[in-house]
Amino acid sequence: MDRETLAYFKDILEKRLEELYAEAEKTVTGMTDEGETFPDPTDRASLESDRNFMLRIRDRERKLIIKIREALQRIEDGSFGICEACGDDIGIERLKARPVTTLCIDCKRRQEAMERVREA
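Residues numbered from 1 in each chain as written. Predicted model: local features only at pLDDT ≥ 70, side-chain atom pairs only at ≥ 80, totals over all residues. Heavy atoms only, no water.

**Q** So what exactly am I meant to see when it comes to the packing of aromatic side chains here?
**A** Aromatic ring pairs: the centre-centre distance and the angle between the two ring planes describe each pair. Counted under the stated rule, the structure contains two aromatic pairs. Summarising the aromatic geometry, the rings of Tyr-8 and Phe-9 are spaced 5.1 Å apart at their centres and angled 75° between planes, so their arrangement reads as edge-to-face. Residue class for Phe-9 comes out buried when judged on its relative accessible area of 0%. For the pair Phe-9 and Phe-80, a centre-to-centre distance of 5.4 Å together with 50° between the ring planes defines the contact as tilted. Of the two residues, Phe-9 is situated in helix H1 (residues 3–32) and Phe-80 in the loop between helix H2 (41–77) and helix H3 (92–97); the sequence distance between them amounts to 71 residues. (Phe/Tyr/Trp six-rings, centres within 6.5 Å; stacked < 30°, edge-to-face > 60°. Buried < 20%, exposed > 50% of the residue type's maximum accessible area, 1.4 Å probe, protein only. Helix = DSSP H or I, 4+ residues; strand = E, 2+ residues; numbered from the N terminus.)

Rendered as structure tokens:
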């Protein structure tokens, strides 16, 4: 992969990382505000439900942050865009759709097929 393409993906990944950090900061700030008192138990339950939902989203984003950091490391060490399973190049369109991917489309399909077989 040429330097220009690598710089393109590095920029995308770094911007996404910044967005995720900003969202996490907003969540922390929103949850540490102590001005919320609810005399109605239903309102309190609704707030707790919303917070639990937000925390599940943030946990998924935390996992994505790890994948983004790993992808940035692969850019640095020269292994970005190479399938971990077969060693072939991962297609640019696949990387554009999911820049943190580590598998080419054929290997990913095989992996998903194996998962379906195990679930059945």
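**Q** Can you walk me through the domain arrangement of the protein chain in this structure?
**A** Domain annotation for the protein chain reports domain 1 (1–80) and domain 2 (82–119). Spacing between the C-alpha centres of domain 1 and domain 2 amounts to 24 Å. Of the residues lining the interface, 14 residues belong to domain 1; the matching set on domain 2 comes to nine residues. Together, the buried faces of domain 1 and domain 2 total about 860 Å²; carbon and sulfur atoms form 71% of this surface. A per-residue breakdown of the area domain 1 buries against domain 2 is headed by Phe-9, Arg-74 and Phe-80, which together make up 46% of the total. (Domains from an automatic or database assignment. Contact = heavy atoms within 4.5 Å. Buried area = accessible area lost by both parts, 1.4 Å probe.)

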